[in-house]
Every structure is written in structure tokens, then in C-alpha cells.
Amino acid sequence: MLAALAFVLLALGSVFRVADITTSVLAGLCIFIVELKYRTFRALAVYLVTAVLAVLLLPVSRTVLIFVCFSGVYSALKRSVEIRFVRPFQQIVKLLLFTALYTAFAALAENLLNFALQGTVLKVGAFLVVGAAFFAADFVMSRLMTSGVLLTLLTNNRR
């Protein structure tokens, strides 16, 4: 069900170009909810299903690329990175993961969308801005994960 919701959000982002980043992040939140409730393997499965459907059925757009390269895959892998590594190494692994994801996004955007940044200053600036947004989203996801708000909503504890 959350894979379908994520796909619908990506479709909306493809239609309404103004909301491409927002809908990609919300679709990633669907993957994050699956990861919180069912763990990494199922979250990766939902991510793969959603990504394949989005690539096959939706027009190639920034919405799909952002989901495939950032918000979807990172939402599925975040907790496993935090569980496997101690605190100082978590940030190093997250930085390496971000660099790999950003490189994949830049290559796909250049080859599929003919969108390439010109100039070293602009490329470094874009890397820093996207990195700041990435780590801000990581911080928010960590707070959601530790607060238990999402898990409380997911467990349906009624008395």
C-alpha cells in the first residue's frame, strides 16, 4: 500500500513540476515508514518496486531522479547505517553515501535530462547546498525515529 502511495506521489510530482522535490521527499517518507515498521529488507523491496514502476511508467523528470538517487534509497538504508556503525563513523559513512548518491544523481541528470552545471564554483556550491539539505533531512528523520511518534501511529494501540 505504501509503494502505491509513493508511486502516486511521484506521479503528482511529475505532473506538477513545482512540487517535484516535496513529492520525492514524501515518497521517501513512505519508504522510511516501511523501514521503521518492517526493517530494511522490506523497505528496500518497496523502494525497488516503486523505483522500477516510476522509471517505467512516469516521464523521466527530476521527481523520479530525486527519489531513485536520494530520498528513496537513503530512507531504506538510514537505520541500518546507524545500527552498524558507532556515532563518529556514522557521519563518515553518511557523507560517503551522500557523495555516491549525489554523483549518481548528477550523472543521471546530465545524461537523461541534459541538465549539467557549468563551472567549478557552481558545482561545488550545488554539492554544498544539497549536502546541507540532505543532512537536515537526516536530522529530522533521526528525530522522528527516536521520538516514537511514527511508531505509535503505526501500531494502532486502541484501548
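Higher on the page you've got the structure.
A brief report on the enclosed structure follows. Since the structure is predicted, the reported quantities are computational estimates derived from the model, not experimental observations. (Residues numbered from 1 in each chain as written. Predicted model: local features only at pLDDT ≥ 70, side-chain atom pairs only at ≥ 80, totals over all residues. Heavy atoms only, no water.)

1. Some words on the overall build of the protein chain
Here comes step 1: Helix and strand counts for the protein chain stand at 7 helices and 0 strands.
Here comes step 2: Ordering the α and β elements of the protein chain from the N terminus gives α-α-α-α-α-α-α.
Here comes step 3: The globule rule puts the C-alpha radius of gyration for 159 residues at 15 Å, and the 16 Å found for the protein chain is close to it.
Here comes step 4: Taken over the C-alpha atoms alone, the protein chain extends approximately 60 × 40 × 25 Å along its principal axes.
Here comes step 5: Burial status across the protein chain gives 40% buried among its 159 residues.
Here comes step 6: Contacts in the protein chain between residues far apart in sequence, at least 24 positions, make up 73% of those at least 6 positions apart.
Here comes step 7: For the protein chain, the accessible area works out to roughly 9600 Å², and carbon and sulfur atoms hold 72% of it.
Here comes step 8: Separation between the mean location of the 14 positive side-chain charges and that of the 5 negative ones in the protein chain comes to 10 Å. (Helix = DSSP H or I, 4+ residues; strand = E, 2+ residues; numbered from the N terminus. Rg over C-alpha atoms; globule rule 2.2 N^0.38 Å. Buried < 20%, exposed > 50% of the residue type's maximum accessible area, 1.4 Å probe, protein only. Contact = heavy atoms within 4.5 Å. Areas by Shrake-Rupley, 256 points an atom, 1.4 Å probe, with all protein chains shown as cover. Lys, Arg positive; Asp, Glu negative; His and termini not counted. Charge placed at Lys NZ, Arg CZ, Asp CG, Glu CD.)

2. As for the nonpolar core
Here comes step 1: Within the largest apolar cluster, 32 residues are counted, with the highest numbers of intra-cluster contacts made by I31, F67 and F70.
Here comes step 2: Secondary structure elements with two or more residues in this core: α1 (2-15), α2 (20-38), α3 (40-57), α4 (62-84), α5 (87-112) and α6 (120-147).
Here comes step 3: For this core, the element with the most residues is α4, which contributes 9 residues.
Here comes step 4: Apart from the residues lying within four places of it in its own chain, the contact partners of F70 are L65, S75, F98, L101, Y102, F105, V130 and F134. (Core = buried A, V, L, I, M, F, W, Y, C linked by side-chain atoms within 4.5 Å.)

3. Some thoughts on the environment of F32
Here comes step 1: In this structure, F32 sits in helix α2.
Here comes step 2: Here the alpha-carbon distance between F32 and L153, two residues 121 residues apart in the chain, equals 14 Å.

4. Focus on the pattern of salt bridges
Pairs may arise between side chains of opposite charge once their charged atoms sit close together.
Here comes step 1: Taken as a whole and assessed by the stated rule, the structure comprises 6 salt bridges.
Here comes step 2: Measuring nitrogen to oxygen at the nearest pair gives 3.1 Å for the salt bridge that ties R79 to E35. Residue R79 is found in helix α4, and its partner E35 is found in helix α2; the two are separated by 44 residues along the sequence.
Here comes step 3: Between K94 and D138 there is a salt bridge, with its nearest N and O atoms 3.1 Å apart. (Salt bridge = Lys/Arg side-chain N within 4 Å of Asp/Glu carboxyl O.)

5. Here's the deal with the packing of aromatic side chains
Note on aromatic pairs: each is described by the distance of the centres and the angle between the planes.
Here comes step 1: In total, this model carries 11 aromatic pairs according to the counting rule given.
Here comes step 2: Ring centres of F70 and F134 lie 6.3 Å apart, and the angle between their planes is 55 degrees; on these two criteria the pair is classed as tilted. Taken together, the positions of F70 in helix α4 and F134 in helix α6 put the pair 64 residues apart, joining distant regions of the chain.
Here comes step 3: Since its relative accessible area comes to 11%, F70 is described here as buried.
Here comes step 4: Among the aromatic residues, those joined into a ring-pair cluster are F70, Y74, F98, Y102, F105, F127, F134 and F135. (Phe/Tyr/Trp six-rings, centres within 6.5 Å; stacked < 30°, edge-to-face > 60°.)

6. Some thoughts on α5
Here comes step 1: Taking 1.5 Å as the rise per residue, α5 with 26 residues should run 38 Å; its terminal C-alpha atoms sit 37 Å apart, in good agreement.
Here comes step 2: For α5, every residue scored as buried is listed here: Q90, K94, L97, F98, L101, Y102, F105 and A109.
Here comes step 3: Note on α5: the residue one or two positions beyond its end, N114, has a positive phi of about 55 degrees. (Expected span 1.5 Å × (residues − 1).)

7. Overview of the packing of α1 against α2
Here comes step 1: Remark: α1 packs on α2, axes separated minimally by 8 Å, with the N-to-C direction vectors making an angle of 175 degrees. It follows that α1 is roughly antiparallel to α2 by the angle criterion. The segment α1 lies against α2, with L2, L5, A6, L9, L10 and G13 engaging D20, T23, S24, L26, A27, C30, I33 and V34.
Here comes step 2: Considering only residue class, the contact of α1 with α2 consists of 10 nonpolar, 3 polar and 1 charged. (Axes fitted to C-alpha atoms, helices over the stretch in contact; angles between N-to-C directions. Parallel < 35°, antiparallel > 145°, perpendicular 65-115°, else oblique. Nonpolar A, V, L, I, M, F, W, Y, C, P; charged D, E, K, R; others polar.)

Functional significance is not addressed by these values, which are geometric in nature.
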